[in-house]
Amino acid sequence: MSSCPTAVLQPTTFGIGPDHSQTTWNAFDASEVPTLKQLCIANRWRLAFTYALFNIENGAQLVQPWLLGLTITGILGKRTGMVWVFAGFFTMRMVVGVLRRRYDTRAFARIYGTLATNVVVNQRRNNVAVSRVAARASMSREVTDFLETDVPAAVSTIYAVAGGILMLGFYDILLVPVTLVIGVTSGLLNVACAKRTR
């Protein structure tokens, strides 16, 4: 029995960006499409850059209430310097958000295009029916949607929960264990109810 060949990434370059070069990958020569791990490794720089902007944006969102409080305190004390600091901070956060969304659209569209092309080429090479090829190519979108939507949503939830607990800790440290107990209890009840509804 012949062994199935291993999928191999073949880097190539094309003129994109200020340095007129960016790495992408041709269709795999093997009969397999890339796994999620291979896809992330192949596009590690794109993903690293967009997730870095995402983390900066979420970190700024956590800092904003604290900075807003300092600004209000400054206004009440007739010190207008913090107003300009807050305005600059808000502008920075807005610019980062716009850049991330613009880059996200291009990066994940290119990842999807590469993945869908790999699927179509390899499936047609194996004489798979056209209807099945179309269905599998459309399912490739689910992979990129996971990286583009689901991962940021999960991380945003972590930021929101951790940030909320941290703020409560600044207000009263005793609220932290109370919040954790309530959160863990709610999670266990949610799991138990989910099992009973199956």
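Residues numbered from 1 in each chain as written. Predicted model: local features only at pLDDT ≥ 70, side-chain atom pairs only at ≥ 80, totals over all residues. Heavy atoms only, no water.

Novice: Quick question: what am I supposed to make of the confidence of the model for the protein here?
Specialist: Per-residue confidence for the protein gives a mean pLDDT of 79; residues scoring 70 or more make up 83%. Put simply, strand S1 (residues 11–14) is where the protein has its lowest mean pLDDT, 36, and helix H2 (residues 44–76) is where it has its highest, 89. Contacts for the low-pLDDT stretch residues 1–31, under 50 throughout, to residues beyond four places or in other chains number 59 contacts. (pLDDT = per-residue confidence, 0-100. Helix = DSSP H or I, 4+ residues; strand = E, 2+ residues; numbered from the N terminus. Contact = heavy atoms within 4.5 Å.)

Novice: Which parts of the structure should I look at to understand the pattern of salt bridges?
Specialist: When charged atoms on two side chains of opposite charge get close, those side chains can pair. Enumeration according to the criterion identifies 5 salt bridges in this entry. Between arginine 101 and glutamate 57 there is a salt bridge, with its nearest N and O atoms 3.0 Å apart. Within this pair, whereas arginine 101 is found in helix H3 (residues 81–125), its partner glutamate 57 is found in helix H2, the two being separated by 44 residues in sequence. Assessed through its relative accessible area of 11%, glutamate 57 is described here as buried. What emerges from the salt-bridge pattern is a single network uniting Glu57, Arg100, Arg101 and Asp104. (Salt bridge = Lys/Arg side-chain N within 4 Å of Asp/Glu carboxyl O. Buried < 20%, exposed > 50% of the residue type's maximum accessible area, 1.4 Å probe, protein only.)

Novice: Where do I start with the packing of H2 against H3 in this structure?
Specialist: Two measures define how a pair of helices packs: the angle their axes make with one another and the distance between the axes. Where H2 contacts H3, the two axes come as close as 9 Å, and the packing angle between them is 160°. With respect to H3, the element H2 is oriented roughly antiparallel. The interaxial crossing formed by H2 with H3 has left-handed handedness. Counted by class, the contact of H2 with H3 contains 24 nonpolar, 5 polar and 7 charged residues. (Axes fitted to C-alpha atoms, helices over the stretch in contact; angles between N-to-C directions. Parallel < 35°, antiparallel > 145°, perpendicular 65-115°, else oblique. Left-handed = near helix turned anticlockwise from the far one by under 90°. Nonpolar A, V, L, I, M, F, W, Y, C, P; charged D, E, K, R; others polar.)

Novice: Would you explain a nonpolar patch on the surface in this entry?
Specialist: A cluster of nonpolar side chains, Val63, Trp66 and Leu70, forms an exposed patch at the surface whose accessible area comes to about 290 Å². Topologically, leucine 70 is positioned in helix H2. (Patch = residues over 30% accessible without salt bridge, like charges linked within 9 Å, V, L, I, M, F, W, Y side chains within 5 Å. Areas by Shrake-Rupley, 256 points an atom, 1.4 Å probe, with all protein chains shown as cover.)

Novice: I'm lost on the packing of H2 against helix H4 (residues 130–171) in this one. Help?
Specialist: Running from N to C, H2 and H4 cross one another at 25°; their axes reach a closest spacing of 10 Å. The angle between H2 and H4 places the two elements in the roughly parallel class. Our pair here, H2 against H4, has a crossing hand that is right-handed. In this structure, H2 contributes Tyr51, Phe54, Asn55, Asn58, Gly59, Leu62 and Pro65 to the contact, and H4 contributes Leu147, Val151, Pro152, Val155, Ser156, Tyr159, Gly163 and Met167. Each residue belonging to the contact of H2 with H4 can be placed in one class, and the counts come to 10 nonpolar, 5 polar and no charged.

Novice: For this particular structure, what's the right way to read H4?
Specialist: Each α-helix winds once per 3.6 residues, and so residues spaced three or four apart point in a common direction. Given a rise of 1.5 Å per residue, 42 residues ought to cover 62 Å, and the 61 Å separating the end C-alpha atoms of H4 matches this to within 8%. Its maximal kink placed at phenylalanine 146, H4 deviates by approximately 40°. All of the buried residues in H4 are Val133, Ala137, Ser140, Thr144, Leu147, Pro152, Gly163, Ile165 and Gly169. Along its buried surface, H4 packs onto helix H1 (36–42), H2, H3 and helix H5 (175–196). (Expected span 1.5 Å × (residues − 1). Bend = angle between axes of the 7 residues up to and from the residue.)

Novice: What is the right way to read the environment of serine 156 from this model?
Specialist: Inspection of the secondary structure assignment puts serine 156 in helix H4. The spatial distance from the C-alpha of serine 156 to the C-alpha of asparagine 55 is 8.8 Å, given a sequence separation of 101 residues. In contact with serine 156, not counting residues within four places along its chain, are Phe54 and Asn58.

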